[in-house]
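# Descriptive structure summary
Here is how the chains run, residue by residue.
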Protein chains: 2
Amino acid sequence: MAKIVVIGGNAAGLTAASRARRLDPRLEITVLEKGPYISYSTCGIPYYVAGDVSAEQLLSFSPARLLSERNIEARINVEIEEVLPSRKRVFGRRIDTGERVSEQFDRLLIATGVKPRTSQIPGTGLGNVFSMISLEDAVRFRTVLGHSRKIAIVGGGYVGLEMAESLRRVGKQVTIFERQNQVMPSMDADMARIVEYELNRHGVGVRISSPVEALVGNDDHVTGIKAKGALGVEPSDAVLLDTGVRPNTDLAETAGIRTGPTGAIAVNEYMETNVPGIFAAGNCAEAFCLLRGRPILHHIGTVAAKQGRVAGENLAGRRSKFAGTVGTTILRVFDLAVGRTGLSLAEASAERIPTVSARIEALDHAAYYPDTKKIWIKLIVDRESRKLIGAQSAGYGDVSKRIDVAATAIMTSMTVENLSQLDLAYTPPYGSLWDPLIVAAQAVLRKL
Amino acid sequence: MAKIVVIGGNAAGLTAASRARRLDPRLEITVLEKGPYISYSTCGIPYYVAGDVSAEQLLSFSPARLLSERNIEARINVEIEEVLPSRKRVFGRRIDTGERVSEQFDRLLIATGVKPRTSQIPGTGLGNVFSMISLEDAVRFRTVLGHSRKIAIVGGGYVGLEMAESLRRVGKQVTIFERQNQVMPSMDADMARIVEYELNRHGVGVRISSPVEALVGNDDHVTGIKAKGALGVEPSDAVLLDTGVRPNTDLAETAGIRTGPTGAIAVNEYMETNVPGIFAAGNCAEAFCLLRGRPILHHIGTVAAKQGRVAGENLAGRRSKFAGTVGTTILRVFDLAVGRTGLSLAEASAERIPTVSARIEALDHAAYYPDTKKIWIKLIVDRESRKLIGAQSAGYGDVSKRIDVAATAIMTSMTVENLSQLDLAYTPPYGSLWDPLIVAAQAVLRKL
């Protein structure tokens with residue numbers, strides 16, 4: 001019987017293993033995971049740090065349950081160090097015991113995720129300085145949380161903002177240092193301002209245009225952070241780094257597996273690498289962007305899981321295709337929901353797409369109905385094709401609905417005219433006679 | 001300057017008048033409304049009955065404000081009795097004074113809405129028996145509400161269910177009598193069962209397969225309701241009729257304006273009738289169904305408003321087209337949201353479309369995140385084209401999001417394969433790594 005080996009036991013890897021198993025009960029499937037956990041929700045880490053959920057709740061499967069329920073063997077603490085395509089074999093060792101490990105495969109999936117981008121900031125090796133990429137990072141961070149009063153976050157991306165909320169909610173003094181002149185660089189600045197306002201409103205310090213020059217302290221303990229232009233060192237008991245990640249491709253590269261211009265493992269629509277029988281999925285692999293018409297780096301669990309599912313079907317012998325991504329993301333920052341899909345104005349400009357855009361402020365549902373909440377929607381339309389190519393929304397009401405509808409419209413190449421006449425659901429408690437998305441489309445049409 | 005006359009001062013009529021005004025400040029625009037109110041939210045009536053909102057809150061514009069802010073003259077209590085296309089003139093009278101009214105027009109919009117379908121049930125003329133079509137109906141009903149303890153609702157459609165919730169919330173004993181073997185006949189029976197359960201859970205009596213044979217009582221006061229198969233007469237202090245409406249086409253028909261096979265006024269995509277320069281929009285007009293490829297009756301505010309907007313643009317001399325409807329609706333029944341879009345199984349069967357469908361039960365957002373709620377989603381797919389043609393959802397979480405995404409997918413002829421890979425937004429508080437809509441699409445795919 002065919003032997004499947006999966007390197008990496010999270011979103012992409014475990015989804016693939018489970019999907020392959022469902023399609024073919026006879027396959028022999030082994031998952032090799034470097035860390036001590038498999039199958040956990042990376043997106044849930046901020047809520048674990050805030051104490052909303054336990055680490056156990058974030059774990060869907062233990063290796064024992066995975067074996068008994070899905071007949072998939074998962075080995076944790078196993079780091080694969082070499083893939084030998086010619087011999088169809090992987091080699092590595094158990095991190096805890098040092099024991100050598102080797103597995104033969106017929107088909108292989110590389111789902112090794114990301115690793116922190118090497119930081120140029122001096123002092124990131126000090127004590128109490130944490131990345132927040134894996135559950136292990138979060139578990140370690142939780143051990144010092146009780147002794148930390150002032151926490152600095154370097155980087156105002158998704159992880160940085162979610163951690164800021166979590167830490168503020170457990171009573172910490174939190175300051176975000178962001179190199180660029182806005183948080184959430186994947187959004188346009190006018191939308192990011194709404195997020196910065198919400199952070200300030202909840203007592204989070206936001207320092208934009210503040211590249212960090214150094215972390216100071218000793219091996220045992222960071223004591224402060226020095227940002228460019230700041231008068232002095234800002235005291236900090238702990239520092240979280242959200243300074244970016246890069247695809248973990250070391251294993252692939254040494255095996256002669258091609259990476260693309262993005263630096264991630266190049267895959268075709270079947271999630272197969274240039275080496276037949278070796279697949280890659282999730283954050284270590286490229287994701288095809290439907291708007292740019294080429295692969296991009298896009299580190300998000302939903303895409304990793306979808307790629308994993310496609311890879312799993314192909315590991316089991318199907319020929320399934322990944323449909324591609326439009327870069328849909330959402331996060332919560334205190335009471336505010338913030339989402340985006342498609343291209344931002346800056347991204348559209350980089351693609352030399354001529355755009356027209358409009359931003360509206362609207363009420364989440366009928367003005368007269370109790371508890372209506374403000375939301376903002378910005379739409380970006382290709383001036384020539386008149387197709388929707390981007391949407392951003394922030395607000396205190398149902399932002400996720402508008403982002404999901406916009407994502408669907410973008411994936412189907414909908415024009416702004418058709419968007420302005422979408423037959424959306426309305427009843428006063430859940431919407432408006434004219435949905436804010438439609439009002440935003442009308443606002444774009446007035447400019448076309 | 002061109003003179004625009006609009007008959008009917010609510011969703012379609014006032015939207016049209018306002019849109020025409022915005023496009024052309026020079027037009028002379030007169031709105032003639034039979035009732036005492038213009039510009040109110042019909043969809044808000046149940047929440048007025050429950051006391052959540054006042055009647056004033058449901059009114060967007062008084063005639064005085066409409067005149068001062070939009071330079072539109074609205075005359076209330078004016079019933080138009082005749083349209084004379086040859087003379088481009090309408091004739092009628094003021095209901096309160098009997099004074100004759102006549103207006104000349106260059107372009108006319110008929111937006112006369114609906115009227116109750118003539119009920120075959122004996123006794124609907126008794127005291128304390130109410131339709132619930134206009135705000136006047138609701139205002140009159142509110143005057144007897146204090147003296148009514150037991151209220152019967154005839155008909156388990158949208159209005160009946162929303163009123164049942166409202167009346168229960170103000171402490172009434174409520175029983176719904178539905179002729180068919182389920183409430184909400186526009187949904188499939190398996191989904192309607194969820195709604196019936198919610199009604200029962202909140203103490204509303206639900207009698208399905210219970211056609212009403214007679215209302216009993218005297219001219220002053222209904223005293224009871226006799227349903228087929230019931231052992232006796234059920235005492236009732238008041239009765240609400242949700243026994244259907246029909247397009248109010250009297251005026252159009254006497255003027256030689258053509259109605260279609262649905263019984264509503266036939267219009268082309270410009271919302272123009274067979275008489276050039278005379279338009280119709282809203283619930284008195286047909287609505288083009290994108291799935292059936294022909295006009296249908298579809299009485300809903302969102303479609304009325306969209307048709308009104310298109311008509312208003314054309315009244316102002318543009319050539320705008322109505323994009324059509326896919327029958328998207330939603331309502332709230334106590335804690336449950338219930339929505340549908342596209343065709344139900346019965347409707348698809350009537351169109352001889354071969355279908356495959358699946359229903360799933362899922363959690364609204366990540367299972368481990370606090371406050372996750374159950375929702376059910378049913379998808380209906382054309383077995384041959386593999387396109388999504390219908391979606392129904394009910395549940396205690398964000399149903400409206402899934403219905404809106406499904407409506408967008410239906411309007412863009414999306415296949416179930418593409419639906420299963422939609423790039424939707426995810427963060428634990430707002431969604432699942434695999435959105436329930438995607439899980440439902442996967443369930444359909446397993447059957448294809």
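Since the structure is predicted, the reported quantities are computational estimates derived from the model, not experimental observations. Residue positions within a chain follow its written sequence, with the count starting from 1. Lettering for chains starts from A, numbering for ligands starts from 1, and both go in the order in which the items are written. Totals for whole chains, interfaces and linings use every residue, but because this is a predicted model, local features are given only for residues with pLDDT of at least 70 and side-chain atom pairs only at 80 or more, for both listing and counting. As a convention, hydrogens and water are excluded, and side-chain values are obtained from all of the structure's heavy atoms.

By definition here, a salt bridge exists when the distance from a side-chain nitrogen of Lys or Arg to a carboxyl oxygen of Asp or Glu is within 4 Å. Under the counting rule described, the total for this entry stands at 70 salt bridges over all chains. For the salt bridge of Asp52(A) with Arg169(A), the shortest nitrogen-to-oxygen distance reads 2.8 Å. Residue Asp52(A) is located in the loop between helix 2 (45-49) and helix 3 (55-58), and its partner Arg169(A) is located in helix 6 (residues 158-169); the two are separated by 117 residues in the primary sequence. Buried residues are those whose accessible area, probed at 1.4 Å on protein chains only, stays under 20% of the maximum for their type, while exposed residues exceed 50% and partly exposed ones sit between those limits. The partly exposed category is assigned to Arg169(A), whose relative accessible area is 38%. In this structure, Arg318(B) engages Glu313(B) in a salt bridge whose closest nitrogen and oxygen atoms are separated by 3.9 Å. One salt-bridge network, in which partners are shared between bridges, spans Arg292(A), Arg294(A), Arg340(A), Glu347(A) and Glu351(A). Each helix is a run of H or I in the DSSP string that is no shorter than four residues. Each strand is a run of E no shorter than two, and both are numbered from the N terminus.

With that settled, consider the packing of aromatic side chains. A pair of Phe, Tyr and Trp rings is counted when the ring centres sit within 6.5 Å of each other, with Trp represented by its six-membered ring. The angle between the planes then sorts it: under 30 degrees is stacked, over 60 is edge-to-face, the rest tilted. Summed over the entire model, instances satisfying the criterion amount to six aromatic pairs over all chains. A centroid spacing of 5.0 Å and a plane angle of 80° characterise the contact between Tyr47(A) and Tyr369(B), whose relative ring orientation is edge-to-face. Of this pair, Tyr47(A) sits in helix 2 while Tyr369(B) sits in the loop between strand 23 (355-363) and strand 24 (374-382), placing the two residues on different chains. Accessibility expressed as a relative area gives 1% for Tyr47(A), which makes it buried. Given the relative accessible area of 9%, Tyr369(B) is considered buried.

We now examine helix 1 (residues 11-23) of chain A. All names here are of chain A. Over its 13 residues, helix 1 runs 18 Å from end to end, which matches the ideal 18 Å to within 8%, given 1.5 Å per residue. With respect to burial, helix 1 is a largely interior element, 10 of its 13 residues being buried. Those residues of helix 1 lying buried are Ala12, Gly13, Leu14, Thr15, Ala16, Ala17, Ser18, Arg19, Ala20 and Arg21. Any two residues whose heavy atoms approach within 4.5 Å are treated as being in contact. Against the buried residues of helix 1 lie strand 1 (3-7), strand 2 (28-32), helix 4 (63-70), strand 7 (107-110) and helix 9 (301-315). Between the first and last residue of a helix there are one fewer steps than residues, each counted as 1.5 Å, and that sum is the expected span.

The next point concerns the packing of helix 1 of chain A against helix 9 of chain A. All names here are of chain A. Throughout, an axis means a line fitted to C-alpha atoms (over the contacting stretch in the case of helices), and angles, computed between N-to-C directions, take values from 0 to 180 degrees. Running from N to C, helix 1 and helix 9 point in directions that differ by 35°, and their axes come no closer than 7 Å. Crossing of helix 1 against helix 9: the hand is right-handed. Contacts between helix 1 and helix 9 involve Ala11, Ala12, Thr15, Ala16, Arg19, Ala20 and Leu23 on the former and, on the latter, Gly301, Ala304, Ala305, Gly308, Arg309, Gly312, Glu313 and Leu315. The classification used treats Ala, Val, Leu, Ile, Met, Phe, Trp, Tyr, Cys and Pro as nonpolar, Asp, Glu, Lys and Arg as charged, and all other residues, Gly among them, as polar. Among the residues making up the contact of helix 1 with helix 9, the classes are represented as eight nonpolar, four polar and three charged. For a crossing to be left-handed, the near helix must be turned anticlockwise from the far one by less than a right angle; the clockwise case is right-handed.

Mapping chain B onto chain A is achieved by rotating through 180° and translating by 0.0 Å along the same axis, at an RMSD of 0.0 Å. A rotation of that kind, with that shift, is consistent with a two-fold axis. C-alpha atoms of residues with pLDDT of at least 70 in both copies form the basis for the least-squares superposition of the copies.

Once that is clear, we can look at the confidence of the model for chain A. As a per-residue quantity, pLDDT reports the predictor's confidence and falls between 0 and 100. Across chain A, pLDDT averages 96, with 100% of residues at or above 70. What the predictor reports for the complex is a pTM of 0.97 with an ipTM of 0.96.

Residue and element names in this part refer to chain B. Topologically, glutamate 178 is positioned in the loop between strand 11 (173-177) and helix 7 (189-201). Despite its burial, glutamate 178 pairs with no opposite charge; the closest candidate is arginine 179, at 5.4 Å N-O. In terms of polar contacts, glutamate 178 uses its side chain to reach the backbone amide nitrogen of glutamine 180, at 2.9 Å. Apart from the residues within four sequence positions on either side, glutamate 178 is in contact with Gly155, Gly156, Gly157, Val183, Pro185, Arg207, Ile208, Ser209, Ser210 and Pro211. We treat Lys and Arg as the positive residues and Asp and Glu as the negative residues; His and chain ends play no part in the count. Polar contact is the term for a pair of N or O atoms within 3.5 Å; when the atoms are in protein, one must be able to donate a hydrogen and the other to accept it, and sequence-neighboring residues count only if both atoms are side-chain atoms.

Our next topic: the nonpolar core. Definition of nonpolar core: a set of buried residues of the types Ala, Val, Leu, Ile, Met, Phe, Trp, Tyr and Cys, connected through side-chain atoms within 4.5 Å. Ranked by size, the top nonpolar core spans 68 residues in total, and within it Leu379(A), Leu419(A), Leu379(B) and Leu419(B) carry the most contacts. Once residues within four sequence positions are removed from consideration, Leu419(A) is found in contact with Leu379(A), Leu388(A), Ala409(A), Met414(A), Leu437(A), Ile438(A) and Ala441(A).

Counting residues at the interface gives 59 residues for chain B, matched by 59 residues for chain A. By definition, the buried area sums, over both parts, the 1.4 Å-probe accessible area that each loses when the two are put together. Counting each side, the surface lost to burial between chain B and chain A is near 5400 Å², with a carbon and sulfur contribution of 62%. Counting every contact that joins chain B to chain A gives two salt bridges. Of the charged contacts, one joins Lys401(B) and Asp404(A) as a salt bridge, the two residues approaching to 3.9 Å between their closest N and O atoms. Run the count over chain B and chain A and you get 26 residue pairs in polar contact (both at pLDDT 80 or more). When contributions to the side of chain B that touches chain A are tallied by element, the ones reaching two or more residues are helix 3 (55-58), helix 9 (301-315), strand 21 (329-333), strand 22 (336-342), helix 11 (399-411) and helix 13 (436-447) of chain B. Top contributing element to the side of chain B that touches chain A by residue count: helix 11 of chain B, with nine residues. In the side of chain B that touches chain A, the residues fall into 33 nonpolar, 16 polar and 10 charged.

This next bit is on the packing of helix 11 (residues 399-411) of chain A against helix 11 of chain B. Angle between the axes and distance between the axes are the two parameters that describe a pair of packed helices. Two elements in contact, helix 11 of chain A and helix 11 of chain B, have axes whose closest approach is 9 Å; the angle formed by their N-to-C orientations is 15°. Comparing their axes, helix 11 of chain B and helix 11 of chain A come out roughly parallel. Here helix 11 of chain A runs over helix 11 of chain B; the crossing is right-handed. Mapping the contact onto sequence places Ser400(A), Lys401(A), Asp404(A), Val405(A), Thr408(A) and Ala409(A) in helix 11 of chain A and Ser400(B), Lys401(B), Asp404(B), Val405(B), Thr408(B) and Ala409(B) in helix 11 of chain B. Here the residues of the contact of helix 11 of chain A with helix 11 of chain B are counted per class, giving four nonpolar, four polar and four charged. Angles below 35 degrees are treated as roughly parallel, those above 145 as roughly antiparallel, those between 65 and 115 as roughly perpendicular, and all remaining angles as oblique.

This brings us to unusual backbone geometry. Residues and elements named next belong to chain A. In the Ramachandran plot, asparagine 71 falls in the positive-phi region, its phi being about 55° despite a non-glycine side chain. Mapped onto the fold, asparagine 71 is located in the loop between helix 4 and strand 3 (73-75). By relative accessible area, asparagine 71 is classed as partly exposed at 43%. With phi around 60°, asparagine 77 is a residue other than glycine that occupies positive phi space. The topology assignment puts asparagine 77 in the loop between strand 3 and strand 4 (78-84).

Our focus in this paragraph is the sheet that holds strand 13 (residues 212-218) of chain A. All names here are of chain A. Spatially, 13-14-15 is the arrangement adopted by the three strands of the open sheet, whose pairing is antiparallel. Strands at the two margins of the open sheet, each flanked by one partner only, are strand 13 and strand 15 (234-235). Alignment of strand 13 against strand 14 (residues 221-227), held across six bridges, turns out to be antiparallel. Looking across to strand 14, one finds that valine 216 is bridged to glycine 224. Following DSSP output, two strands are said to pair if at least two bridges run between them.

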